[in-house]
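Observations on the three-dimensional arrangement
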Amino acid sequence: MKIIQIQNNHNTRPEFDRELIAGLPSSGPRYTSYPTADRFHGGFREKEYLEALHTLGADASDKPLSLYIHIPFCNTICYYCGCNKIITKDKGRADAYIEYLEKEMKLLAPHLGGRHPLSQLHFGGGTPTFLSDNQLERVFEMIRKYFQLIPNGEYSIEIDPRKVSRETVLKLGKLGFNRMSVGIQDFDPKVQAAVNRIQSYEETKEVIDAAREAGFKSVSVDLIYGLPYQTSESIKTTIDTVLSLDPDRLALYHYAHLPHVFKPQRRIDTAAVPGSEEKLDMLQYCVEFLTERGYVFIGMDHFAKPDDELSTALEKGLLQRNFQGYSTYADCDLVAIGVSSIGKIGDTYSQNERDIDAYYAAIDEGRLPVMRGYRLNRDDILRRNIIQDLMCRFALDYRFYEDISGTPFDRYFKDELADLEKLANLGLVSLNKQGLTVTPKGRFLIRNIAMVFDYHLRHKETKAKYSQTV
């Protein structure tokens, strides 16, 4: 994929237009992939996945890959969470799960064409640090058996500070992890009690300090706005407290209260969830405060220090986006291991069984546990590239896409350009005959702009429920 070089200025701040936000569609995809996962189907199974892997294996074994490993277990349930997880305190369940991870890797190995180097590794969940130190070491042994870790790889793990000691963080560093994402959500005691996530400042600081002691290159923290009992005043205290931890990156997610979809949310008092205006107050304050404190708005709900790799990649036009979010590495194939995990090989996506018993059963039968997937057609690939450029570079060069499609851009995307004219009139994009540039106001609403090029949304070929765009 061609990288479009655009100049980004660290002093360019996103513009927060409340009236405009209220007037645009309120929900849409996060575009960690295009087409989005709701387009995956059961007609894509192991056979189709193996065909994609054989294409990968035909390349040299020194081709860098990304590896995702899903750890589904959590000790306790956070009421706001909509992730695929298993609540248990039994570490023995993790021992059994690790055995199946190794069996899955063994099934994959003959189709990979050798021990590829890993440019990226990500442990997600659930709570990856549900695993004991010995269990984590066991997983790393199997990773090293089938893949090559490289000196400048981006190796990250999601951390729950309530369950991790300083010693474990130092152990993670020795294993090879060099980036971490720390869940916080909110430091207000009343909010924490309402969502069943009691987490002190002290234990959070201990984990972040240990990460720096261990030589982690980047520490990111996750916050959520719109949780029960949050107010525009209480979130100011939380943001001040979070910034005292000096994170390299910060993600500010919107809480979607959907108790009819996510059963744990039924334990949350709906009357305590702040309304739309209050949530916009919170978001506006956080965005303005973070930019005033020098953080660069990367896109959507992510911020980073000016000297962070994400900020540098954004400035140079080299930012990427995949299933783990924003990345500094060039787009590469993603091998996904574990229950419910999603991977990308060539022009295909695949997802493993979401039910752990079904996952185990497939592996016991000697099958790769692919539940569903999707093979992109030429139009999908064209639109995926466009959406990637919008999400990561905030610009389009029409001539590049004309070279791919063999058709003038204004003919191929006639209806889309008509919609872009409307967004231009709202001040979200700047248009010319050669391309477009997203304005500071539009950067904050980039998902709405990307949705213009989503064929499946335009043709109403999905019934999926998406998260709030802002």
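That block above? That's the structure.
**Things to note about helix α3 (residues 91–108)**
- Compared with an ideal rise of 1.5 Å per residue, which puts 18 residues at 26 Å, α3 spans 26 Å between its outermost C-alpha atoms and is within 8% of the ideal.
- Every buried residue of α3 is listed here: Ala94, Tyr97, Ile98, Tyr100, Leu101, Glu104, Met105 and Leu108. Each buried residue of α3 sits inside an arc of 165° when the element is viewed along its axis, so together they form one side.
- Two or three places before Gly92, at the start of α3, stands the capping residue Asp90, its side-chain oxygen 2.8 Å from that residue's backbone nitrogen.

**Examining unusual backbone geometry**
- In the segment running from Tyr34 into Pro35, the intervening peptide bond is cis, with an omega of -10°.
- Tracing the backbone through its elements, the reader meets Pro35 in the loop between α1 (18–23) and α2 (46–57).
- Positive phi, normally seen in glycine, also occurs at Tyr31, with a value near 55°.
- By the element assignment, Tyr31 lies in the loop between α1 and α2.
- The class of Tyr31 is buried, set by a relative accessible area of 4%.
- In this structure, Ser340 is a non-glycine residue whose phi angle is positive, near 70°.
- Inspection of the secondary structure puts Ser340 in the loop between β13 (334–337) and β14 (342–345).

**Details of the packing of helix α12 (residues 378–393) against helix α13 (residues 398–405)**
- Following both chains from N to C, one finds α12 and α13 inclined at 165°, their axes separated by 11 Å at the closest point. Put simply, α12 runs roughly antiparallel to α13. The two elements α12 and α13 meet at a crossing, and its hand is right-handed. Here Arg378, Leu382, Asn385, Ile386 and Asp389 of α12 come into contact with α13, specifically with Tyr401, Ile404 and Ser405.
- Residue composition of the contact of α12 with α13, by class: 4 nonpolar, 2 polar and 2 charged.

**Observations concerning the packing of helix α4 (residues 133–146) against helix α5 (residues 166–175)**
- Running from amino to carboxyl end, α4 crosses α5 at an angle of 10°, the nearest separation of the two axes being 11 Å. Between α4 and α5, the angle is such that the two are roughly parallel. Together, Asp133, Leu136, Glu137, Phe140 and Arg144 of α4 and Thr168, Lys171, Leu172 and Leu175 of α5 make up the contact between the two elements.
- Residue composition of the contact of α4 with α5, grouped by class: 4 nonpolar, 1 polar and 4 charged.

So, how was this worked out
- Residues numbered from 1 in each chain as written.
- Predicted model: local features only at pLDDT ≥ 70, side-chain atom pairs only at ≥ 80, totals over all residues.
- Heavy atoms only, no water.
- Helix = DSSP H or I, 4+ residues; strand = E, 2+ residues; numbered from the N terminus.
- Expected span 1.5 Å × (residues − 1).
- Buried < 20%, exposed > 50% of the residue type's maximum accessible area, 1.4 Å probe, protein only.
- Arc of directions from axis to C-beta.
- Polar contact = N/O pair within 3.5 Å; in protein donor to acceptor, adjacent residues only side chain to side chain.
- Axes fitted to C-alpha atoms, helices over the stretch in contact; angles between N-to-C directions.
- Parallel < 35°, antiparallel > 145°, perpendicular 65-115°, else oblique.
- Left-handed = near helix turned anticlockwise from the far one by under 90°.
- Contact = heavy atoms within 4.5 Å.
- Nonpolar A, V, L, I, M, F, W, Y, C, P; charged D, E, K, R; others polar.

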